[in-house]
Every structure is written in C-alpha cells, then in structure tokens.
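Structural description and commentary
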Amino acid sequence: MGTNQMPQVMTAPGLLGNETVCYSGTMITTNGIFVNEDPMGFSLPIFIFQLVLIVLTCRLLMLLLKPLNQPRILAELIAGIILGPSAMGRFKWVTDVAFAKGSLALLETIANIGILYFVFIIGLEMDLSVIRKNGKKAFVFAISGIFLPFLIGCAFSFFLHHKTTMKEDTFLIFFSIFLSITALPVVSRILSEFRLLDMEIGKIVQSAALFNNTFGAAFVVFAISTAESQTIFSTTLWVIASSIIFIVFSIFVVRPGISWLARRSTPEDENFTNFTISIALGGVMIFGFISDSIGVHPSFGAFVFGLVFPNGPLAVTLVERLEDFITGFLLPLFFVSSGLKTNVSKIQGASTWFTLIIASILSSVAKVAGTVLVALSIKMPFREGVALGLLMNSKGLAELIGLNHGKDQKVIDDTAYTMMVITTIFMNAVITPLLIQIYRPARKFVPYKRRTIQKTKADAEMRILACIHTPRNAPTIIGLLEASHPTKKTPISVFSLHLVELTGHGSATLIVHNSQKSDSTAINRMQAQSDQITNAFKTLEQHTNFVSVQSLTSISPYSTMHEEICNLAEDKRVAFIIVPFHKQPTVDGGMETANSKIQMLNQNVLVNAPCSIGILVDRGLSGSKSLTAGQVSHNIAVLFFGGPDDREALSYAMRMSEHPGNSLNVIRFFPGPNAVEPTMDQSHDLNDTGILTLQIGKEQDKQLDDDCIKEFRMMKATDESFSYIEKVVNNGEETVAVIRALDNIHDLFLVGRGEGIISPLTAGLTEWSECPELGVIGDLLASADFAAAVSVLVVQQYVGVGPNDDGIGTPDNASQQEEQCIMASVRQ
C-alpha cells in the first residue's frame with residue numbers, strides 16, 4: 001500500500017474552557033469492524049450515534065415532562081446537561097468515546113445549520129402586516145419588558161461577576177441582556193399550544209418579542225465588540241451600519257427577486273422545480289454567510305431572509321418540506337449541545353445559587369409588572385396583562401445563540417455560561433404552569449340571545465356555520481342552505497369552515513379566505529380542496545339571493561378541533577352549526593366510515609357548542625346546478641316525538657317550507673293505549689319531591705310541544721305544500737314500521753336528537769344504536785336498512801349554560817378517544 005502517511009491534523013475549540021482539540025480531518029467513514037477499525041473513531045458513525053442518542057433522550061424527557069406542561073426546549077436543555085459533564089460526562093466512556101471532544105465540532109456545525117433553517121422558518125411564518133398594525137403597542141411592551149429586568153441584571157451582576165473570570169463590564173452587559181430578552185421562537189410555540197396565535201394577545205406578544213429580540217441582538221453585538229476590540233465605537237458602528245445596509249438590500253433587491261422567481265415557476269402539478277427550491281434553500285446559507293462576515297451570528301441573516309421572503313405558495317412549500325426534519329432532528333442538536341457545554345459543578349456555593357434564583361425571580365416579576373402597567377394603560381384586562389408578561393419571560397433560542405456566539409469568541413467563560421443556561425431552565429420551567437393557572441384560553445361566552453333557530457326572529461338574519469371535511473361534503477350542505485329560503489327580510493349569513501387535520505408539526509391555524517383573490521394555483525392537496533370548497537360556496541353566494549358567504553380553513557388536531565369550531569361559532573354569533581356525519585354512502589347503498597376521528601369530533605361539538613347543532617347524514621341531497629331559486633324542489637319530513645330538539649328541528653323545517661319549491665310533511669308520534677312507560681331506574685334514589693318535579697317537567701315540555709305544533713299549523717293552514725299527520729304507536733317496532741312507509745316519498749328527514757328523553761315510542765331501539773351522537777331515531781334513519789336516497793339532519797337545540805359551566809368543556813383524553821374511534825371502525 002506504500003508508505004503510511006499521517007492524516008491531516010485539524011484543530012477546533014473545545015466545549016469546556018479555552019482548550020484546543022486535535023482531530024483527524026480525513027477520518028470520515030470506517031472500512032468496517034472486520035479490518036479492526038472502531039466506528040466510534042470516525043466522524044460520520046459517531047455523529048449518527050450521537051444524533052440517535054440525543055433524539056431518544058429528548059423524546060423520553062418530553063414524555064416525562066408533558067404532564068407538567070413543560071415546553072420542548074426544557075427537555076432538550078436538560079437532555080444536554082444529563083449527557084454532558086454534569087451527569088453522564090463523569091463517566092470516562094462518555095467523554096472519551098460517545099462525546100469525545102474531537103467529534104463535537106461536527107455536532108455543533110450541524111446544529112448551527114439547523115438553527116439557520118429554523119429561524120428562516122420563523123421568519124417565513126411572521127406576518128409583517130400584524131407587526132405594522134400592532135407596532136406602537138408592541139414597541140411599548142418591548143421597552144417596558146426590557147427596562148426593569150435590565151436594571152435588576154445590572155444590580156445582581158455585581159454579586160455574581162467575581163465568581164467568573166470575565167471582565168466586569170462584559171459580564172454586566174451579557175447577564176443584564178440575558179434577563180431582559182424574550183425568545184420569539186419559544187413564545188410562538190407556547191402561543192400555538194394555547195391556540196392564541198390568532199387572538200389579539202398572541203399578535204401583540206409576537207410583535208413585542210420581535211422588537212425585544214432586535215434590541216437584544218444589538219446589545220449582544222455591542223457586548224462582543226466591547227470585549228474583543230480596542231476600538232469599541234468604530235467596530236460597533238461598522239457592524240450596525242453594515243447590518244442596516246444588509247436589511248435594506250434584502251428588502252428592496254432580494255424580495256423583488258424572489259417574487260419574480262416565484263411567479264415564473266408557479267407549479268402546475270403542485271410541485272415547484274428543484275431549481276426554485278434550491279435557490280431558496282441556498283439563499284439561507286448565503287445570507288448566513290454574509291451575516292457572519294459582518295460580525296453578526298449567521299442566524300440573523302437567515303431570519304432576515306425569511307422575514308423578507310414574499311408570502312405565497314413557495315413559502316408554504318418550504319415550511320412544509322423543512323419543518324418536520326428541522327424541529328424533529330436538527331433543532332434538538334443545538335439545545336443539547338448547549339447543555340453539553342453546561343457544567344453545573346462550576347456554580348459553587350449556596351450563596352451563588354441563591355443569588356441566581358433571586359435574580360431570575362425578580363427580573364421575571366419586574367417584566368410582568370412593567371407589562372401589566374402598560375396593559376392597564378391601554379385598558380387591557382389585568383389577567384391578559386399578566387399572561388403577556390409571563391410570555392415575555394420566555395427564554396430559549398435567541399439567548400442561547402448569543403451565549404454560544406460569546407463563548408465561541410471566548411468572551412464568556414464556563415461559569416457564566418452555566419449560570420445563564422440554568423437561568424433559562426428555571427424561568428422556562430415556571431412560565432407555562434403559571435400561565436395555565438392564571439390565564440386559561442378557554443372561550444368566554446358573549447351574551448347574545450339568538451343561539452337557536454327557534455329563538456331567531458322571523459325577520460332577522462340567520463347565521464349558520466357549515467363545517468366541511470372534504471369537497472364531497474359541500475354539495476349536500478349547499479343544497480340544504482339553498483333550500484333554507486333566504487329572503488330580503490330573513491337573509492342567511494354562511495360561514496363555511498374547511499376542517500383540516502394538523503399532523504406532526506406546526507401550529508393550529510385559522511385561515512380567512514379572500515373571496516376576491518382566488519386565481520392562485522394550489523400547491524398541495526389541502527389548498528386545492530380549500531379552493532374547491534371556497535369556489536362552491538362562492539357560486540352559492542353569486543346565484544342565490546340574500547346569501548352572504550365567508551370561507552375559512554381551520555388546521556388543528558382532531559382532539560381540539562371542536563374548540564376551534566365552538567370559538568368561531570361564538571365569535572360569529574351563529575345560531576346553527578352544521579357538521580357532516582362520519583359515514584358516507586357507498587355505491588351498493590350501504591354506509592362506510594370516512595374517518596373515525598370525525599365521530600369523536602362530532603361528539604365533542606355536541607357537548608360544547610354555544611348554539612344549536614345539526615349532524616347531516618349525506619345521501620345525495622343537492623340543489624340544482626344553476627342554483628336558481630325557483631328550480632329547487634325538496635320533499636321534507638319532520639319526525640316529531642317531542643322535546644326541545646324536535647321543536648328546533650321543526651323550526652328549521654318551517655323556514656325551509658317557506659321556499660316555493662319545497663313541501664313539508666310533519667309526522668307527530670303519540671303513545672298508544674298499550675304503550676309501556678319506561679320504569680324508573682332503582683339505582684336512582686329520588687324522593688317524592690324529585691319524582692313530582694320530574695313529572696311537572698314532562699307536562700310542561702308536552703305543553704310546549706302542543707303550543708309549537710299549534711302555532712305552526714295555524715301559520716300553514718292555507719298552504720297546500722304543508723301536511724300534518726298524527727301516528728299512534730305502542731313501541732319502537734311500530735315506530736319503525738311507520739317510518740319505513742315514509743322513506744320512499746321524501747328526500748330529507750329532519751329529526752331531533754332527543755338527548756336525555758326516555759320514551760315508550762322508542763322502546764327496544766336503544767340497544768341497537770351504533771352512533772349515540774345521532775340519537776335513537778337519527779341512528780335508525782342513518783343505518784343501511786333505509787333507502788340510500790334519503791338524507792337526514794339530526795338537530796340538537798342549545799339549552800343554555802349551567803351555573804357551574806366555565807365555557808368549553810374538557811374532552812376526554814384525546815388518545816383514548818382516538819383509540820375508541822379506531823376500535824369502533826374495526827368492529828364495523
């Protein structure tokens with residue numbers, strides 16, 4: 001093989017202290033264990049081992065900390081400390097093999113690449129219009145959140161700097177900045193978890209955090225320049241001037257260039273060309289290089305590139321392609337590498353720990369106090385002010401980037417670094433639990449009267465929230481809305497909500513579609529479906545008089561999707577929510593489950609809805625293609641057994657019967673002489689007063705049923721399209737027989753859910769019920785035993801909020817619900 005040559009020796013700064021570590025620059029991959037080469041001595045195998053170990057440790061800690069409502073960054077920092085010199089690093093094999101000093105240069109390099117793309121994604125997701133709108137308020141909040149903590153940091157730095165080897169002025173600046181700055185990425189993740197991104201407090205805190213980060217970055221540049229250069233003023237001036245020129249160039253040259261590139265490469269098959277994607281991803285690296293060249297951390301350039309990147313399909317595509325990999329694999333490397341540099345033993349003495357904790361607490365309280373004062377001055381509620389102050393205390397990425405940059409430049413020693421990392425962990429550990437206790441982002445009921453169809457005045461606008469999972473749901477819902485007889489006196493305002501499951505990553509998002517801008521090409525399946533649904537409802541609005549439509553898309557997990565629906569219904573003050581049934585008709589007349597999670601969603605909406613709700617079983621009800629009012633023709637049947645849900649169904653049917661093309665048939669069921677009243681459950685220990693109250697309630701309810709039927713019969717006395725039939729049945733079997741005789745002459749059944757009502761009319765049917773959300777009769781009508789051409793609308797009337805109700809109810813454990821739905825779909 002010739003003479004053995006020594007491989008090229010390279011050097012790199014060590015993680016701990018200012019030592020220099022030597023390693024081979026050519027040892028990338030091994031030839032295998034069969035030639036007696038240890039894979040742990042080569043760059044790529046050891047990096048893969050470190051990556052797997054880091055990800056597994058982080059995931060385990062996230063699982064353990066999840067019940068404590070702790071953010072991801074906390075688990076990742078603690079993972080680094082566990083794997084570092086504070087714990088596992090005390091074992092020789094860990095320090096010499098698993099995390100050998102010579103292997104850490106590659107780990108940190110990859111981690112910083114992950115940071116570049118992560119802050120690029122943060123910049124892409126920032127909405128500059130929101131910043132402009134809240135600019136003044138956000139600026140004041142940012143200043144108030146910096147001033148007092150900075151003063152506290154200056155005061156406590158005099159007690160702590162002698163524990164380090166740093167210059168007094170350098171430590172003062174770094175420690176004070178560290179206590180003052182807010183971590184924008186961490187704030188964004190917390191807002192996402194609390195579903196506050198689209199609320200006013202979320203928009204303000206994001207804008208304030210951006211200003212705060214900008215000030216912090218400027219201070220860090222000044223601090224590093226102070227420590228490194230003899231000509232402090234000139235160095236800092238050059239860095240700041242270059243950064244301003246860099247930003248201006250990005251706005252006025254780069255942004256138009258990217259916009260031109262995106263327009264020229266608009267995809268026809270939902271995919272941008274590799275050239276376009278490569279230009280965008282390469283731009284992140286180029287901007288990072290320029291930023292580093294002018295003396296600022298490369299992440300600054302990547303963030304600026306993301307911030308000036310034009311919104312549109314290209315930005316959405318980049319986020320979708322990058323976010324999973326960056327946040328799941330590369331981002332933990334950065335936080336863990338920060339933990340690896342942390343040696344808790346460097347903080348010596350109980351007094352040092354006490355001083356550090358007191359400084360953290362006082363700075364947090366000061367930031368909250370300053371934020372609350374500003375909040376009260378602009379008449380923001382006290383609780384929201386406290387919540388905003390807590391959020392502004394979030395620590396994480398921006399601070400650690402500054403710390404690592406200062407440590408790489410050898411202006412921060414190990415002790416100071418450890419102090420600030422421990423402060424990060426402590427402050428993040430208390431923020432989220434306090435936020436949950438102080439500020440619960442649950443829906444607060446706004447008092448308005450017309451929460452039901454029955455209470456909506458005959459000459460008032462009716463607001464309907466139509467929920468849609470796929471374009472397949474749209475025609476039947478549109479047909480139902482078209483047949484609901486909107487007029488000049490009784491217009492209908494429709495809010496179409498496309499429900500999209502959030503999987504794996506990202507934030508729960510509510511997108512409001514602009515009806516004037518719908519010519520953009522869809523870049524993925526979700527957007528294509530949203531465009532198709534939006535266009536369908538736009539056609540309804542254009543061809544049906546007195547109907548207004550606003551289209552929205554909600555992207556959220558199924559476990560919390562009901563909250564998005566209920567919050568929107570509350571905000572828009574709708575009287576009726578329409579949700580699709582979780583089963584769809586098949587070509588052979590049967591019913592198949594489209595998505596078992598939809599059943600869980602419907603059950604949660606029924607429990608938490610702030611208004612009446614209807615579950616629509618789709619069997620082909622649709623309006624005419626031209627959507628001309630006179631061409632609509634539906635035969636509607638209402639099965640009336642009594643109770644508030646049936647009265648609500650009848651109220652909606654009466655509105656539909658006003659349409660000249662619709663006919664309405666009301667079938668009221670009465671118990672016959674042989675009907676057996678259900679016996680009282682012996683497990684219920686009701687005294688005589690309880691039984692009497694129950695009996696009076698039943699009589700009052702029956703009187704309301706009689707009054708409702710009487711009123712509608714009088715209104716329709718001269719209408720030949722209206723018919724009223726009374727049927728006497730003794731049990732559920734006879735009820736089924738009556739319904740079977742009707743199902744061939746109607747194309748829509750309306751029936752109340754009948755929740756909580758025990759009737760002899762349905763005796764024997766409850767045992768066969770598969771879908772409790774439809775009620776006994778609704779479940780019967782939705783079964784495959786009935787004609788596939790008949791659609792069903794099951795209605796539940798809103799009955800108000802109980803005295804102990806706090807708003808949206810807490811659903812059962814999401815994983816348990818999903819497991820039950822999956823098992824149910826398997827059984828079916």
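Residues numbered from 1 in each chain as written. Predicted model: local features only at pLDDT ≥ 70, side-chain atom pairs only at ≥ 80, totals over all residues. Heavy atoms only, no water.

Attention now goes to the overall build of the protein. When its secondary structure is counted, the protein shows 26 helices and 15 strands. Within the protein, buried positions represent 52% of all 828 residues. Taking all contacts inside the protein whose residues are at least 6 apart in sequence as the whole, residues at least 24 apart take part in 80%. Looking at the protein as shown, the accessible area adds up to about 38600 Å², and 60% of this sits on carbon and sulfur atoms. (Helix = DSSP H or I, 4+ residues; strand = E, 2+ residues; numbered from the N terminus. Buried < 20%, exposed > 50% of the residue type's maximum accessible area, 1.4 Å probe, protein only. Contact = heavy atoms within 4.5 Å. Areas by Shrake-Rupley, 256 points an atom, 1.4 Å probe, with all protein chains shown as cover.)

Turning next to the nonpolar core. Within the largest apolar cluster, 90 residues are counted, with the highest numbers of intra-cluster contacts made by Phe99, Phe120, Phe175 and Phe309. With 13 residues, helix H13 (residues 313-340) is the single largest residue contributor to this core. Excluding residues that lie within four positions of it along the chain, phenylalanine 99 makes contacts with Gln50, Leu53, Ile54, Leu83, Val94, Leu104, Leu107 and Leu340. (Core = buried A, V, L, I, M, F, W, Y, C linked by side-chain atoms within 4.5 Å.)

Time to look at the side chain of threonine 355. Residue placement: threonine 355 occurs in helix H14 (residues 350-377). Residue classification places threonine 355 among the buried positions, given a relative accessible area of 16%. Excluding residues that lie within four positions of it along the chain, threonine 355 makes contacts with Phe156, Phe159 and Leu160.

Okay, unusual backbone geometry next. Notably, phenylalanine 546 is not glycine yet its phi reads approximately 65 degrees, a positive angle. Its location among the elements puts phenylalanine 546 in the loop between helix H19 (525-543) and strand E6 (547-556). Phi is positive for arginine 573, close to 55 degrees, though the residue is something other than glycine. Note that arginine 573 resides in the loop between helix H20 (558-572) and strand E7 (576-580). A relative accessible area of 41% places arginine 573 in the partly exposed class.

Let us look at the pattern of salt bridges. Close approach of charged atoms lets side chains of opposite charge pair. Tallying each qualifying case throughout the model produces 12 salt bridges. Each of Arg647, Asp701 and Asp705 takes part in one network of salt bridges that share partners. (Salt bridge = Lys/Arg side-chain N within 4 Å of Asp/Glu carboxyl O.)

Taking strand neighbours across the sheet as the criterion, the 11 strands line up as E5-E6-E4-E3-E7-E10-E15-E14-E11-E12-E13 in an open arrangement whose pairing is mixed. Only two strands of the sheet have a single partner each, and these edge strands are strand E5 (509-512) and strand E13 (722-729). In this sheet, adjacent strand axes meet at a mean angle of 20 degrees when their direction is disregarded. In this structure, strand E3 (residues 462-468) lies alongside strand E4 (residues 492-501), joined through 7 bridges in parallel fashion. The residue of E4 that forms the bridge with methionine 462 is isoleucine 492. Relative to strand E10 (residues 612-617), helix H21 (residues 596-608) is tilted by about 155 degrees, and along the sheet it contacts E4, E7, E10 and strand E15 (791-796). (Pairing = 2+ DSSP bridges. Axes fitted to C-alpha atoms, helices over the stretch in contact; angles between N-to-C directions.)

Moving on, we get to a nonpolar patch on the surface. A cluster of nonpolar residues, Ile240, Ile244, Ile247, Val248, Phe249, Ile251, Phe252 and Val253, forms a patch on the protein surface that exposes about 720 Å² of accessible area. Examined against the element boundaries, isoleucine 240 turns out to sit in helix H10 (residues 232-264). Exposure remark for isoleucine 240: the relative accessible area of 39% places this residue in the partly exposed category. (Patch = residues over 30% accessible without salt bridge, like charges linked within 9 Å, V, L, I, M, F, W, Y side chains within 5 Å.)

Quick look at the packing of aromatic side chains now. Tallied over the entire structure, the rule returns 13 aromatic pairs. Seen in terms of ring centroids, phenylalanine 156 and phenylalanine 159 are 6.2 Å apart; in terms of plane orientation they differ by 55 degrees. Their pairing is tilted. Residue phenylalanine 156 and its partner phenylalanine 159 are both found in helix H6 (residues 135-160); the two are separated by 3 residues, about one turn of the helix. According to the relative accessible area criterion, phenylalanine 159 is exposed, its value standing at 55%. (Phe/Tyr/Trp six-rings, centres within 6.5 Å; stacked < 30°, edge-to-face > 60°.)

Below, the discussion takes up the environment of tryptophan 768. The topology assignment puts tryptophan 768 in the loop between strand E14 (748-752) and helix H25 (775-782). Placed 12 residues apart in sequence, tryptophan 768 and leucine 780 show a C-alpha to C-alpha distance of 8.7 Å.

A few words now on the packing of H6 against helix H7 (residues 168-180). Angle between the axes and distance between the axes are the two parameters that describe a pair of packed helices. Look at H6 against H7: their axes get within 7 Å of each other, and the N-to-C directions meet at 140 degrees. The orientation of H6 with respect to H7, classified from their angle, is oblique. Like other packed secondary-structure pairs, H6 and H7 cross with a definite hand, here right-handed. Across the interface between the two elements, Gly145, Ile146, Pro149, Phe150, Gly153, Cys154, Phe156, Ser157, Phe158 and Leu160 from H6 touch Glu168, Phe171, Leu172, Phe175, Ser176, Ile177, Leu179 and Ser180 from H7. Partitioning the contact of H6 with H7 into residue classes produces 12 nonpolar, 5 polar and 1 charged. (Parallel < 35°, antiparallel > 145°, perpendicular 65-115°, else oblique. Left-handed = near helix turned anticlockwise from the far one by under 90°. Nonpolar A, V, L, I, M, F, W, Y, C, P; charged D, E, K, R; others polar.)

Attention shifts here to helix H22 (residues 644-657). Between its terminal C-alpha atoms H22 stretches 20 Å, which fits the 20 Å expected from 14 residues at 1.5 Å a residue. Summarising burial for H22: 13 of the 14 residues are buried, a large majority. (Expected span 1.5 Å × (residues − 1).)

This paragraph deals with helix H24 (residues 732-740). All of the buried residues along H24 are Gly732, Thr735, Val736, Val738 and Ile739. For H24, the angular spread of the buried residues around the axis is 160 degrees, confining them to a single face. Looking at the buried positions of H24, the neighbouring elements they touch are strand E11 (634-640), strand E12 (662-671), E13 and H25. Capping of H24 at its N-terminal end is provided by asparagine 731; its side-chain oxygen lies 3.1 Å from the backbone amide nitrogen of glutamate 733. (Arc of directions from axis to C-beta. Polar contact = N/O pair within 3.5 Å; in protein donor to acceptor, adjacent residues only side chain to side chain.)

Here we take up the packing of helix H1 (residues 43-65) against H13. Where H1 meets H13, the axes come as close as 10 Å, and the angle between the chain directions of the two elements is 90 degrees. What the angle tells us is that H1 and H13 run roughly perpendicular. When H1 is examined against H13, the residues Phe47, Leu51, Ile54, Val55, Cys58 and Arg59 are found in contact with a partner set consisting of Gly328, Phe329, Pro332, Leu333 and Val336. Of the residues that constitute the contact of H1 with H13, the class distribution is 9 nonpolar, 1 polar and 1 charged.

Here the focus is the side chain of histidine 582. Here histidine 582 is to be found in the loop between E7 and strand E8 (583-585). Not counting the four nearest positions on each side in its chain, histidine 582 is found in contact with Glu592, Thr593, Ala594, Asn595, Ile598, Gln599, Asn602, Cys771 and Glu773.

In this section: the environment of proline 557. Note on placement: proline 557 falls in the loop between E6 and H20. On the basis of relative accessibility, which here comes to 26%, the residue proline 557 falls in the partly exposed class. It is 8.1 Å that separates the C-alpha atoms of proline 557 and valine 500, two residues lying 57 residues apart in sequence.

The next thing to look at is the pairing of E7. Within E7, 5 of the 5 residues are buried, leaving the element largely enclosed by the surrounding structure. Burial of E7 is two-sided: the residues Phe576, Ile578 and Pro580 facing one way and the residues Ile577 and Val579 facing the other way are all buried. Where E7 and E10 come together, 5 bridges link them in parallel fashion. Across the sheet, the residue bridging to phenylalanine 576 is serine 612, located in E10.

Attention now goes to the confidence of the model for the protein. Per-residue confidence for the protein gives a mean pLDDT of 77, with 79% of residues at or over 70. For the protein, per-element mean pLDDT is lowest for helix H26 (residues 814-827), which scores 40, and highest for E7, which scores 94. Of the regions scoring below 50 in pLDDT, residues 441-446 engages in 21 contacts with residues more than four places distant in sequence or in other chains. Across residues 801-828 the pLDDT falls below 50, and counting only partners more than four positions away or on other chains, this stretch makes 32 contacts in the model. (pLDDT = per-residue confidence, 0-100.)

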